[in-house]
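Here are the chains, one letter per residue:
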Amino acid sequence: MSQQGYVATPPYSQAQLGMGGHPGGFGGPPSQPVYGHYGGPPQPFPIPPGGTQHGILGIHKGPVSAPSAMPQPPASSHYGSSVQQNGSYTQGFPPPPAASSSFGQVPQSPYQNIAPQATPSTHQLTNQISNMQISGYGQGPMPTPQSPSRSAPQQPFHSAPPHLMAQTPTAPGPQSPSMGSPLPLGGPPPMGGMMPAPMGGPAFHQLQGQGTPQGYPQPPAAGPYGGQLAGPQPGFPGSFPGGAAQMAGPPQKKLDPDSIPSTTQVIEDDQAKRGGQIYATNLRGQIPPLVTSNFTVQDQGNASPRFMRCTTYTFPCTSDLAKQCQVPLGTVIKPFATIPKNETPLYVVNHGETGPIRCNRCKAYMCPFMQFIDGGRRFQCAFCSCINEVPVFYFQHLDHMGRRMDLYERPELSLGSYEFIATLDYCKNNKPPNPPAYIFMIDVSYTNIKSGLVKLLCEELKTLLEKLPREEGVESSAVRVGFVTYNKILHFYNVKSALAQPQMMVVSDVAEMFVPLQDGFLVNYQESRAVIHNLLDQIPDMFADTNESETVFAPIIQAGVEAFKAAECSGKLFIFHSSIPTAEAPGKLKNRDDRKLFNTEKEKTLFQPLKGVYEQLCKDCVAQGCCVDLFLFPSQYLDLATMGDVPTHTGGSVYKYSNFQAEVDGTHFLNDLRKDVEKPIGFDAIMRVRTSTGFRATDFFGAIHMNNTTDVEMAAVDCDNALTVEFKHDDTLNEETGAFIQCALLYTTVGGQRRLRVHNLSLNCSSQLSELYKSCETDTLINFFAKSAYRAMLNQPLKNIREILVNQTAHMLACYRKNCASPSAASQLILPDAMKVFPVYMNSLMKTPAMVGSPEISTDERVLQRLCVMAMGVEETQVLLYPCLIPLQNMDVSSSVLPGAVRCSEERLSDNGMFLLENGRLLFLWLGQACPSELIQSLFNVPSFAHLPEELNSLPELDNPQSKKVHAIISAISERRTNRMKLLIVKQKDRPEILFRQHLVEDKGLHGGASYMDFLCYVHREVRQLLT
């Protein structure tokens, strides 16, 4: 299949056939699916021989690695098709020159022959921007073998109206009838080195008589960086030293934002093409639908993309190719991902006392990739090629194809994901584990009593404890529960079922923590329900008159660990805490928040947790299988970097409700708590990622703890925890056999059973870079970059990290252009098709609160985002970095389908509109000043916008179609997100609107950072510099 690229054409060139006026926008559809993925940095070697170039975007066509299809199952099989048994698999690559995982100094360009050039004149800049192009797809694709890659749908482009288009000559090279309409992008000629050159030129001038459009360079103003406010900041790649208003030259028409690649269009096209369909996993290196599409997975030998997604599904054969393209080789693993009701749950395999069948050498578990030989008496490991004897009880004859006769009767031979029941060899001290326990630890200091939190929580626990997680098919939960309250001292409660009243035991010596009782502290909820309800009724009254405002923190975690040790079980602590722990005790903290450090070399210290007590606590918790979930209710600085360190390393979560008031924030908090208590979870987990020969897992990002370089330890792992793994080559990979990855997770179920969950994935390998780009996945790549950058924040200045991100983006695109695209004018920006929206995600990442040092964003807020992103899966980072903006003013109340999203920019808002914006963590309802009175009446029961109250805290549920429809939309959005989002209602021109506008990621950042358009131009200039 021909790989297509995404290219730029002159800003105001002559309209051509198939451009502009047609509804399809970007020319007619290609005769075959259009592919393209993340490009890599250019390297100084010519386009490989034997390639065909065609169209404006030239494609080098190397041999296409055809997917290895796995044999289809017999009709009667209830397991699905077998996977073809393959050989060894690929590994990631060494870091690109100082650019990939180690965020050290700014990477040096591999292009050493860049000649410094003089700064261009304004006239030259004008001509450069005028001649810069984004062209359409190439001419008809060459016939090639079918590849399993995802076809990235075309991007509709719209040209400027004819009367605005000048007769500018088009770029050299063949112009295809299917070419896209003009996309004006500009960049001055390359400058020596990597410093930003002045951006500007006619394309960026505003119309006379109009204000500066949102998202374009503003005149200089005082700002947090000392430069322009919310505009170009020196040292912030993607922001530029000069603004258009400072450049000389005649005023020009404003750029058409529709002419640059649209994320919403890519999402819509993928949903139209692959949504609602069955995705069978029987092909090696197959690219799944986007995370935003609705599809049903049928496991036929490779793990579902819900469990594993890769940055690319074709690994380069050599480390040299990997270094050259600088596309990170990685996978995002969500081992406990939720399986929709219409998909088959994982099968559980029991091999009895012998335990799971494994390779004797590398210890990989039996999977569809193993090859049976010698009439079925032996098998060859797909991961290390070792020949193993088949145990007598496991022997089975082979058919004429060399496959076992019982292939479809055994999940481990025909499915990508399954579970084994573990034997005592896999248990601590060779003893079966006890069921886990949950301990609720409530801060009863003055703040939490006064805010109404303690009363609200105690009431909720009475019903919530009925819904503790339990094993499938079991009537009641085996999870035991315990209760602790605390301020400066700790109160433990005996809630044994035989008692008439609960008993309190106080521990005031917090320096040497111990649990004062064993019998009666952790109990079965069903047996002790009456005593527990009695206790929950008494707690709010017991502390109603407290004046104690100081709290401890480390000792309560230590108490939880000691309780689990005494009970010989794993479990989770739910801690409800209000303020920085200042009482005299281990782990006492002081305020170290200093905003003067923002944008300095020492800013990284604000994100670093304090060592000592908390570091040891992390190790103790992981060793015992004690997970910590932290619910915070602060009114000021907490030192979340330190307090959040234990949850982060134990597979826990951090929730924060600033200035909590029960009547305003109570519903949001309770929704979060319910989901947190009820979600599927495994305890005392250890994970190993194995690979076939030629590559290996080298780096791990996530809410994890590692004592060595291979074992990932998690006190708990739930359905939202995701781990990102980077691979590097240690040998050459084979195109024929491909690359194999096996993720094995050993854990304890909520019922106390030890199990092994195994996920397997097979990938293609190729010596052609074009194959790698075809099978990249934008959403997984940006997850990788976000976690890399957020981890680097602990050791590197943000300025360096941003430079490295931009540099690597430019290198990937330059390599794609140099090695995979047809020769074309230097002024064209060529993007691989699947990578065409990568720049908007990268720009958004650099504008996230954690990455910009603005005095208006608190340190704790920045730290919270950093901690949350480190545990996110692909779906969560995708919507966080490109929020969903949904217009509601014209919604069809009779339709069950969600209204289509629009581009995330202020230009899409309208005074008479109403919009929902969500990013997985926040949910906004934005009301335009001229919003129709009928709609306001239907939703808020007031006559018009002017009658809306100053403070709108909730959306009433009214008995009319519009109100029901909006609530249904909000409910549908909330259901598919991991967090329960609080609804914030924002009126146009009101002060709270600032928070809403921060999430319009295609515009300039309110706290610094470029608009999407400016960033694209800047990256284009960097690419040209690399290619010069």
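Conventions we followed
- Residues numbered from 1 in each chain as written.
- Predicted model: local features only at pLDDT ≥ 70, side-chain atom pairs only at ≥ 80, totals over all residues.
- Heavy atoms only, no water.
- Helix = DSSP H or I, 4+ residues; strand = E, 2+ residues; numbered from the N terminus.
- Buried < 20%, exposed > 50% of the residue type's maximum accessible area, 1.4 Å probe, protein only.
- Contact = heavy atoms within 4.5 Å.
- Areas by Shrake-Rupley, 256 points an atom, 1.4 Å probe, with all protein chains shown as cover.
- Core = buried A, V, L, I, M, F, W, Y, C linked by side-chain atoms within 4.5 Å.
- Pairing = 2+ DSSP bridges.
- Axes fitted to C-alpha atoms, helices over the stretch in contact; angles between N-to-C directions.
- Disulfide = S-S within 2.5 Å.
- Polar contact = N/O pair within 3.5 Å; in protein donor to acceptor, adjacent residues only side chain to side chain.
- Salt bridge = Lys/Arg side-chain N within 4 Å of Asp/Glu carboxyl O.
- Patch = residues over 30% accessible without salt bridge, like charges linked within 9 Å, V, L, I, M, F, W, Y side chains within 5 Å.
- Phe/Tyr/Trp six-rings, centres within 6.5 Å; stacked < 30°, edge-to-face > 60°.
- Lys NZ or Arg CZ within 6 Å of the ring centre and 35° of its normal.
- Expected span 1.5 Å × (residues − 1).
- Parallel < 35°, antiparallel > 145°, perpendicular 65-115°, else oblique.
- Left-handed = near helix turned anticlockwise from the far one by under 90°.
- Nonpolar A, V, L, I, M, F, W, Y, C, P; charged D, E, K, R; others polar.
- pLDDT = per-residue confidence, 0-100.

Give me the lowdown on the overall build of the protein, citing residues and values where you can.
Helix and strand counts for the protein come out as 22 helices and 30 strands. Evaluated residue by residue, the protein yields a buried proportion of 62% over its 1028 residues. In the protein, 78% of the contacts between residues at least 6 apart in sequence involve partners at least 24 apart. Roughly 36300 Å² of accessible area belongs to the protein as shown, and the carbon and sulfur atoms make up 51% of that amount.

Tell me about the nonpolar core, and please be specific about residues and values.
Counting residues in each nonpolar core, the largest one holds 158 residues, and the members touching the most others are Leu490, Phe492, Ile557 and Ile575. Not counting residues within four places of it along the chain, the set of residues in contact with Ile575 comprises Met441, Tyr486, Phe553, Ile556, Ile557, Val628, Asp629, Leu630 and Phe631. With 43 residues, the next largest nonpolar core counts Ile442, Val444, Val481 and Val495 among its residues.

Which residues make up the sheet that holds strand E30 (residues 982–987), and what values go with them?
With mixed pairing, four strands are arranged side by side in an open sheet as E27-E28-E29-E30. Lying at the two open borders of the sheet, with one neighbouring strand each, are strand E27 (884–887) and E30. Strand after strand, the sheet turns through a mean of 20° between neighbouring axes, direction not considered. Strand direction decides the pairing type here: strand E29 (residues 922–927) and E30, joined by six bridges, are parallel. The residue bridging Leu925 from the neighbouring strand is Ile985, located in E30. Sitting on the sheet, helix H19 (residues 933–940) is in contact with strand E28 (914–918), E29 and E30, with an inclination near 50° to E28.

Break down the environment of Ile741 for me, with residues and values.
Structurally, the position occupied by Ile741 is in strand E24 (residues 739–748). Take Ile741: its relative accessible area is 0%, and that puts it in the buried class.

Any details on the pairing of strand E25 (residues 754–766)? Residues and values, ideally.
Counting buried positions along E25 gives 13 out of 13 residues, so the element sits mostly inside the fold. The alternating pattern of E25 places Arg754, Leu756, Val758, Asn760, Ser762, Asn764 and Ser766 and Arg755, Arg757, His759, Leu761, Leu763 and Cys765 on opposite faces, both of which are buried. Sheet analysis places strand E5 (residues 314–316) next to E25, joined by three bridges and oriented parallel. Residue pairing across strands places Thr314 opposite Asn764, the latter belonging to E25.

Could you give an account of unusual backbone geometry, naming the residues involved and the relevant values?
Non-glycine residue Asn430 carries a positive phi angle of around 55°. Along the polypeptide, Asn430 turns up in the loop between strand E11 (417–421) and strand E12 (437–443). One non-glycine residue, Asp684, lies in the positive phi region at around 50°. By the element assignment, Asp684 lies in strand E20 (residues 681–691).

Outline the sheet that holds strand E9 (residues 378–380), listing residues and values.
Ordered in space as E8-E9-E10, the three strands form an open sheet in which the pairing is antiparallel. Since the sheet does not close on itself, it has two edges, and those belong to strand E8 (371–373) and strand E10 (387–389), each with one partner. Neighbour-to-neighbour, the strand axes of this sheet turn through a mean angle of 35°, independent of strand direction. Strand direction decides the pairing type here: E9 and E10, joined by three bridges, are antiparallel. Bridging across to E10, Gln380 finds its partner in Ile387.

Describe in detail the state of the cysteines, supporting the description with residues and values.
Taken as a whole and judged by the stated rule, the model has zero disulfides. Residue Cys325 stays outside any disulfide, its sulfur separated by 5.9 Å from that of Cys815, the closest cysteine. Judged by its relative accessible area of 0%, Cys325 is buried. Summary of cysteine pairing: Cys618 is not part of a disulfide, and the nearest cysteine sulfur, belonging to Cys621, is at 6.9 Å. Judged by relative accessible area, which is 5%, Cys618 ranks as buried.

For the side chain of Ser775, give the residues involved together with the corresponding values.
Note on placement: Ser775 falls in the loop between helix H13 (769–774) and helix H14 (778–792). Since its relative accessible area comes to 0%, Ser775 is described here as buried. Looking at Ser775, its side chain comes within polar contact range of the side chain of Thr312, at 3.2 Å.

I'd like to hear about the pattern of salt bridges, residue by residue, with values.
If the charged atoms of two oppositely charged side chains come close together, the side chains can form a pair. In the structure shown here, the tally under the stated rule is 45 salt bridges. Arg755 is the partner of Glu419 in a salt bridge, and the nearest nitrogen-oxygen pair spans 2.9 Å. Here the residue Glu419 occupies a position in strand E11, and Arg755 occupies one in strand E25, the gap between them amounting to 336 residues. As far as the burial class goes, Glu419 and Arg755 line up, both buried. Among the charged side chains, a network of salt bridges with common partners joins Lys572, Asp629, Asp676, Lys679, Asp718 and Asp720.

Describe a nonpolar patch on the surface, listing the residues and the values that go with them.
A surface patch of nonpolar side chains, about 240 Å² in accessible area, is lined by Met504, Val506 and Met542. On the secondary structure map, Val506 appears in strand E15 (residues 503–507).

Before we move on, can you summarise the packing of aromatic side chains with the specific residues and values?
A full pass over the atoms with the stated rule returns 35 aromatic pairs. With 5.1 Å between their ring centres and 65° between their planes, Tyr438 and Phe574 make a pair best called edge-to-face. With a gap of 136 residues between them, Tyr438 in strand E12 and Phe574 in strand E17 (residues 571–577) connect regions that are remote in the sequence. Across this residue pair, the class does not change: Tyr438 and Phe574 are buried. Put simply, the rings of Phe576, Phe631, Phe633, Tyr655, Tyr657, Phe660 and Phe669 pair up and form one aromatic cluster. A cation over an aromatic ring shows up here: Arg757 above the ring of Phe336, its NZ or CZ 4.4 Å from the ring centre.

Would you mind going over the pairing of strand E22 (residues 711–718) in detail, with residue names and values included?
Burial of E22 is extensive: eight of the eight residues sit out of reach of the surface. One ladder, built from seven bridges, connects E20 with E22; its direction is antiparallel. The residue bridging Arg688 from the neighbouring strand is Asp711, located in E22.

I'd like a description of the environment of Leu885, backed by residues and values.
Along the chain, Leu885 turns up in strand E27. Taking relative accessible area as the criterion, Leu885 reaches 0% and is therefore assigned buried. Among residues more than four places away in sequence, those in contact with Leu885 are Ala901, Val902, Arg903, Cys904, Ser905, Arg908, Leu909, Phe915, Leu916, Leu917, Phe996 and Leu1000.

An account of the side chain of Thr809 is requested, with residue identities and associated values reported.
Topologically, Thr809 is positioned in helix H15 (residues 798–820). Judged by relative accessible area, Thr809 falls into the buried class, the value being 0%. Discounting residues that sit within four places of it in the chain, Thr809 has contacts with Phe838, Met842 and Val1019.

Pulling in residues and values, what's your account of helix H8 (residues 554–567)?
With 14 residues, H8 should reach 20 Å at 1.5 Å per residue; the first-to-last C-alpha distance of 20 Å fits that figure. Along H8, the positions that sit buried rather than exposed are Ala554, Pro555, Ile556, Ile557, Ala559, Gly560, Val561, Ala563 and Phe564. Note on H8: the residue one or two positions beyond its end, Glu568, has a positive phi of about 55°.

Kindly report on the packing of H8 against helix H9 (residues 613–624), identifying the contributing residues and their values.
Taken N-terminus to C-terminus, the directions of H8 and H9 make an angle of 25°; their axes are 10 Å apart at the nearest point. Considering their axes alone, H8 and H9 lie roughly parallel with respect to each other. Every pair of crossing elements has a handedness; the one defined by H8 and H9 is left-handed. Here Ala554, Ile557, Gln558, Val561, Phe564 and Lys565 of H8 lie close against H9, whose contacting residues are Val613, Tyr614, Leu617, Asp620, Cys621 and Gln624. Taken together, the residues of the contact of H8 with H9 sort by class into eight nonpolar, two polar and two charged.

So what's going on with the packing of H19 against helix H20 (residues 961–975)? Residues and values would help.
For the pair H19 and H20, interaxial distance at closest approach is 8 Å and the crossing angle is 70°. Between H19 and H20, the angle is such that the two are roughly perpendicular. Between H19 and H20 lies a crossing of right-handed hand. Across from Leu935, Ser938 and Leu939 in H19, the residues of H20 making contact are Gln962, Ser963 and Val966. Split into classes, the residues belonging to the contact of H19 with H20 amount to three nonpolar, three polar and no charged.

Got a sec to walk through the confidence of the model for the protein? Specific residues and values, please.
Scored by pLDDT, the protein has a mean of 79; 75% of the residues are at 70 or more. In the predicted structure, residues 8–253 sits below a pLDDT of 50 and forms 779 contacts with residues beyond four places in sequence or in another chain.

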